[in-house]
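If you want the building blocks of each chain, they are given just below.
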Amino acid sequence: MRFVKPAWITHKDISKSDQDTKRQSIFSIHVHPDGSRIATGGLDAKVRIWSTKPILNAASENSGRPPKSLCTLSMHTGPVLTVRWAHSGRWLASGSDDEIIMIWDLDPSGRGKVFGSNEVNIEAWKPMKRLPGHESDVTDIGWAPEDRYLASVGLDSKVIVWCGYTLERIRKLDQHNGFVKGVCFDPVGEFMATQSDDKSVKIWRTTDWGLEAEIRKPFEDSPGSTFFRRLSWSPDGAHITASNATNNRGFVFIAAVITRGLWTSEISLVGHENTVEVAAYNPHIFLRNPTGPLVTSNICSVVALGADDRSISIWQTKSARPLIVAREVFERQIMDLSWSRDGLTLYAASSDGTVAVFDFDPEELDGIAPFSAQRQYLRKFGFVAPPIPEGYSHGTFYGDDNALSSRITPPPSPQPRTTEQLQSQTEFGADTANGGGEQINRLVAKKSNKKRVKPLLISDIPSAATSDNVINGVTTQAPHSVSNQPLRSASGAGPSFALPESRYSVPKSHHPSHSTSPAPSMLGFDADIEMGGPKDMDVPIDAIDTSSSPGTTRGKRKASALEGDDRPTRPRTLGGDRPRDVVAIREIFSKSHEKRHDLLPVPPVLTFLSAKVDGSEDVLEGRNSESDSPSEVTFVSGKQTQWLDYVQFPIIALTATSAFCAVATQDGSVNVYSHTGRRIMPTITLDAPCSMIHSCKTSLLLLTVTGHLSSINVKSQSAYFPPPFIGCLLHAPDSRVLAASVRHNGAPVLQLSSGIAYTYDTQLLQWTKLSDRWWSEGSDVWQGRQRSTKDVIASIESTITANADDKVVDKERPEWWNAALTLGHLESKLHAAKALDCPSEYKQALLQYAKKLADEGFRAKAEELIKDLFGPLYWNPMRKEEGWSPTVIGLTKRDLLREVLSVFAKSKTLTKLALDWQDTLRKASNEEPS
């Protein structure tokens, strides 16, 4: 096996020579069916297509032939969370947190420079169709066998099925009650599986899209902190391996193996130290005995798992232990895995912005069977797929072993252009010196004063007929060691190891050599399969350097070489001509000011402070002089200063958002700037210096050392409420403020060492509790074990748990303890979600509350909840009733009621109540004026 980590696969402008440019997270990776290229989707809102030959062939990488980067697709407006090639290889589908799915098709005449960049597209893919329909981030997509269907899932808790031929929407499935983060199809074509944060895997029939089964047991204690729950169906159709499952009440992280037909999970893949994010089956079936017959007892599969512990494991179903365990391959969690169509290469992508590749010999994956054997075996299920729509066809698929000439796929390397096409800035000439062998393409820079750009409008792209809104996106973000053998690093400068009995051989280096012995063979899955094994199973590999060496700049050109003298001069700004310098961070001991009775500590005066603008490379910096010179504020992008300003007193705190920047000084003043350096508000003078400062979108929070809190709307230049005093919150002994932040609606969030989080209610003009450590002692829905999440209240609970004492005292509890604390916690959580304007968490808590009421059979509470959501029986939107609003934080109450009644209808105790109110709701909806 070879392990490669190509440093040149990155989601940043690869034409930039700045090696310090930060890598952006890669959320998805997928291999084209012909194996010649991979597609990646990342935080930069781009889909990038790369050649695989430079990854797998050192000579090709060094020669730059074929080019490493083939194409950059930049039609999405948010991070690209999933990319998937169609089985035919004809189309590429991508899903983003801009709520849109794009279908890309090859454009033979569209090559050239990428708009707004110095990158060059060797081949071009055009947006063929735009599929709106989701109301939040699209987290995963999947193609059905023969590309009959395309399924997409998202954070709107919906599953949408599209026709794989016409790309029209067929069905929207809304039975999930949480974010849906994974989808896969049965290789037979009979079923589809989806996995959600509602802690379930649902199986859907493709014949009528009805619900076949729901699996919950392995996921009851699973955390909701993973970005994805990517599951995979085995090529023999017998099993689904689902991610983010747990054993032992949530303390053991596993991948659950679900058996077809029974739809139960009695098999677990155990050993990862954190949640499993993604599972991916090798597309081939394997024969336990290669000379044996094609029967169920002689068939097994190979599956790869990627987890948040930064490790990858590869399992064969005939063995009780993994074939390979690769530990600490990345600096952050694994986001996606993809096998090549030949079943010999595994690609992995991580949120640290890098890609790792495992390349196997056929002997190392013994018993691999051809696709013809798989098709023969799948016939035993007797499923007959519906007919293809008349006049549509994707051509021959890559699963066909005898199909060579009729494949519908882009060419593996670019073709030479005609004479007329050579007038553009970039020219590709065919080198025929190889005597008709591999085609080599040269990139020739040509100076030209003519620049023609043909814009492609969104309105020009065909779109499925649906109407949708836009919701915010997801954001995430390299020592490596692998429990198997690397042969080279992508830059050519990394360690080199020899693997016994391998098809690849290289000279020995000064590093020690490692080998791995295969795991003992067993005749099937154990109930709990361990990943650990003896020590010789986990062989560490030295860290692989992903930073570019001097030799890796081959083929890159400076912008001046392409643009000549036509580059526009940079606009003049205040301080923009000054290069960015590095300042050593030291504390400056300044003279103390007047004595005050401070509740909070005064921040130290440092020589350097900085605050990064989320989602960009912009940084707000503050520099304090150790002499009597004035303090300096600078706004920097990359290595270039955009503007600067001077302030009279030392800078003690600063913050920045995409809308503004704020700087607090030691005298209690706060200056607010736009991103061009213009002061957009008068200088704010506080009663004392800032102890804490925070910003979110257009909201700014200031907390002084005397305990007065200000929350300001910078856009409207007004305060959300009069500054309250926090002294009443610090009554407990040794109580202190651990963190202070602000929400986009101006609601402050104070987290105290006492285990309580507070906010200020503008209606009550009082401090109210958002969460309390008290609930963790008995609530069944406390989310304190989550590691990272974008859910605000879940993050608060996680912080409270992290700061709690580890002492757990077993006390005797009253009879109704758990039920009382769970209901109280959920009721408190509903108020918190409302105060912080978190619609998704409000809905999730409401449905959990409804389920708890149904489980306990508390009819009075349930009826009161129904009436609160239903409102007046004859409510008229033109005549607002006092005390009732039809919406709550943007959610329609009667829409929420429909889902609550659906939960009640499934219970044994509240079914009658639910049915009566469903009938009432239906009648009221029919009588509402349109």
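Everything that follows concerns the structure shown earlier in this document.
Since this is a predicted model, take the numbers as computed values, not measurements.

Scoring rules and cut-offs
- Residues numbered from 1 in each chain as written.
- Predicted model: local features only at pLDDT ≥ 70, side-chain atom pairs only at ≥ 80, totals over all residues.
- Heavy atoms only, no water.
- Helix = DSSP H or I, 4+ residues; strand = E, 2+ residues; numbered from the N terminus.
- Buried < 20%, exposed > 50% of the residue type's maximum accessible area, 1.4 Å probe, protein only.
- Expected span 1.5 Å × (residues − 1).
- Contact = heavy atoms within 4.5 Å.
- Axes fitted to C-alpha atoms, helices over the stretch in contact; angles between N-to-C directions.
- Parallel < 35°, antiparallel > 145°, perpendicular 65-115°, else oblique.
- Left-handed = near helix turned anticlockwise from the far one by under 90°.
- Nonpolar A, V, L, I, M, F, W, Y, C, P; charged D, E, K, R; others polar.
- Pairing = 2+ DSSP bridges.
- Phe/Tyr/Trp six-rings, centres within 6.5 Å; stacked < 30°, edge-to-face > 60°.
- Salt bridge = Lys/Arg side-chain N within 4 Å of Asp/Glu carboxyl O.
- Core = buried A, V, L, I, M, F, W, Y, C linked by side-chain atoms within 4.5 Å.

So what exactly am I meant to see when it comes to the overall build of the protein chain here?
Along the protein chain, the regular secondary structure elements total 10 helices and 55 strands. Counting only residues that meet the buried cut, the protein chain has 54% of its 930 residues in that class.

Honestly, helix 8 (residues 859-870) in this entry has me stumped. Any pointers?
Three or four residues apart is the spacing at which side chains of an α-helix point the same way, because the helix has 3.6 residues per turn. For helix 8, which comprises 12 residues, the first-to-last C-alpha distance of 16 Å matches the rise-based estimate of 16 Å (1.5 Å per residue) to within 8%. Of the residues trailing helix 8, Gly871 is marked for its positive phi of about 80°.

Could you clarify how one ought to interpret helix 7 (residues 839-856) in this entry?
The first and last C-alpha atoms of helix 7 sit 26 Å apart over 18 residues, in line with the 26 Å expected at 1.5 Å per residue. Here helix 7 has its buried residues at Glu841, Tyr842, Ala845, Leu846, Leu847, Tyr849, Ala850, Lys852, Leu853 and Ala854. Summarising the contacts, the buried residues of helix 7 are in contact with helix 5 (792-802), helix 6 (817-835), helix 8, strand 54 (887-888), strand 55 (891-892) and helix 9 (893-905). Positioned one or two residues after helix 7, Gly857 has a phi angle of 75°, which is positive.

So what exactly am I meant to see when it comes to the environment of Ala611 here?
Turning to its location among the elements, Ala611 is positioned in strand 38 (residues 608-612). Considered as a pair, Ala611 and Gly622 are 11 residues apart in the sequence and their alpha carbons are 8.9 Å apart. In this structure Ala611 touches Val619, Leu620, Leu654, Thr655 and Ala656, once residues within four positions along its chain are discounted.

Before we go on, may I ask you to explain the packing of helix 6 against helix 7 in this structure?
Packed helices, taken two at a time, are described by the angle their axes make and the gap between the axes. Relative orientation of the contacting elements helix 6 and helix 7 amounts to 155°, with a least axis distance of 9 Å. As summarised for this structure, helix 6 and helix 7 are arranged roughly antiparallel, according to the angle between their axes. The hand of the helix 6/helix 7 crossing is left-handed. Counting all contacts with helix 6, which are made through Ala819, Thr822, Leu823, Leu826, Glu827, Lys829, Leu830, Ala833 and Lys834, the residues of helix 7 involved are Glu841, Tyr842, Ala845, Leu846, Gln848, Tyr849, Lys852, Leu853 and Glu856. Residues that form the contact of helix 6 with helix 7 fall into these classes: 10 nonpolar, 2 polar and 6 charged.

Before we go on, may I ask you to explain the sheet that holds strand 31 (residues 345-350) in this structure?
Backbone-to-backbone hydrogen bonds pair the strands of a sheet. The strands run either parallel or antiparallel. One open sheet holds the 4 strands; their spatial order is 1-32-31-30, and the pairing between them is antiparallel. In the strand order of this sheet, the two ends are held by strand 1 (2-4) and strand 30 (334-339), each with one partner. Taken over all neighbouring pairs, the strand axes of this sheet differ in orientation by 15° on average, direction set aside. Sheet topology places strand 30 next to strand 31; 5 bridges connect them, and they run antiparallel. For Ser338, the partnering residue across the bridge sits in strand 31 and is Tyr347.

Looking at this structure, I do not really get the environment of Ala584. What am I missing?
Mapped onto the fold, Ala584 is located in the loop between helix 4 (559-563) and strand 36 (587-588). Relative accessible area serves as the criterion here: at 46%, Ala584 is assigned to the partly exposed category. Through-space distance from the C-alpha of Ala584 to that of Phe608 is 7.2 Å; in sequence the pair is 24 residues apart.

Sorry if this is basic, but what is going on with the side chain of Ser691 here?
Within the secondary structure, Ser691 is located in strand 46 (residues 690-696). Here Ser691 falls in the buried class, since its relative accessible area comes to 12%. Other than its neighbours up to four places away in sequence, Ser691 contacts Leu600, Pro601, Pro603, Leu703, Thr704 and Val705.

Honestly, the packing of aromatic side chains in this entry has me stumped. Any pointers?
Centre distance and the angle of the planes are the two values used to describe a pair of aromatic rings. For the coordinates displayed, the defined rule picks out 17 aromatic pairs. Judged by centre distance (6.5 Å) and plane angle (45°), the ring pair of Phe227 and Phe228 falls under tilted. Each member of the pair, Phe227 as well as Phe228, carries the same accessibility label: buried. Plain terms: the ring middles of Trp774 and Trp817 are 5.4 Å apart, the flat faces sit at 80° to each other, and that makes the pair edge-to-face.

When you look at unusual backbone geometry in this model, what are you seeing that I'm missing?
Leave glycine aside and you will find that most residues have negative phi; peptide bonds, for their part, are mostly trans. Here Asn244, not a glycine, exhibits a phi torsion of approximately 55°, which is positive. For Asn244, the location among the structural elements is in strand 21 (residues 239-247). Relative accessible area serves as the criterion here: at 0%, Asn244 is assigned to the buried category. The phi dihedral of Arg310 is positive, around 70°, even though this residue is not glycine. Mapped onto the secondary structure, Arg310 falls in the loop between strand 27 (302-307) and strand 28 (312-316).

Help me understand the pattern of salt bridges in this model?
Once their charged atoms are close, side chains differing in charge can pair, the charge on each being opposite to the other. A full pass over the atoms with the stated rule returns 32 salt bridges. In this structure, the salt-bridge partner of Glu190 is Arg260, at a minimum N-O distance of 3.0 Å. Of the two residues, Glu190 sits in the loop between strand 16 (180-185) and strand 17 (191-196) while Arg260 sits in the loop between strand 22 (252-259) and strand 23 (267-270), which places them 70 residues apart along the sequence. On the accessibility criterion, Glu190 (24% relative accessible area) is partly exposed. The salt bridge involving Glu899 is made with Lys843; its shortest N-O contact spans 2.9 Å.

Just to check I follow, could you spell out the nonpolar core for this structure?
The nonpolar side chains of a soluble globular protein tend to be buried, and buried together. Ranked by size, the top nonpolar core spans 47 residues in total, and within it Ile796, Leu836, Leu865, Val900, Leu901 and Phe904 carry the most contacts. Going through the elements one at a time, helix 5, helix 6, helix 7, helix 8, helix 9 and helix 10 (911-927) are the ones with two or more residues in this core. In terms of residue count, helix 7 provides more of this core than any other element does, 8 residues in total. Ile314, Val329, Leu337 and Leu346 belong to the second largest nonpolar core, which has 24 residues in total.

Help me understand the sheet that holds strand 29 (residues 324-326), please; the structure alone is not making it clear to me.
Read across the open sheet, the 4 strands follow the order 24-27-28-29; overall the sheet is antiparallel. Where the open sheet ends on each side, the last strands, each with one partner, are strand 24 (276-281) and strand 29. Shown here is a sheet whose adjacent strand axes are inclined to one another by a mean of 15°, direction ignored. Strand direction decides the pairing type here: strand 27 and strand 28, joined by 5 bridges, are antiparallel.

What is the right way to look at the pairing of strand 7 (residues 91-96) in this model?
Along any regular strand, the residues point their side chains to alternate faces of the sheet. A large share of strand 7 lies buried, amounting to 6 of its 6 residues. The side-chain alternation of strand 7 yields two buried faces, one formed by Trp91, Ala93 and Gly95 and the other by Leu92, Ser94 and Ser96. Both strand 6 (residues 80-85) and strand 7 contribute to a ladder of 5 bridges, which runs antiparallel. Looking across to strand 7, one finds that Val83 is bridged to Ser94. Hairpin geometry of strand 6 and strand 7 is characterised by an intervening segment of 5 residues between the two adjacent antiparallel strands and by a positive phi of about 80° at Gly89. Sheet topology places strand 7 next to strand 8 (residues 101-106); 5 bridges connect them, and they run antiparallel. Within the sheet, the bridge partner assigned to Leu92 lies in strand 8 and is Trp104.

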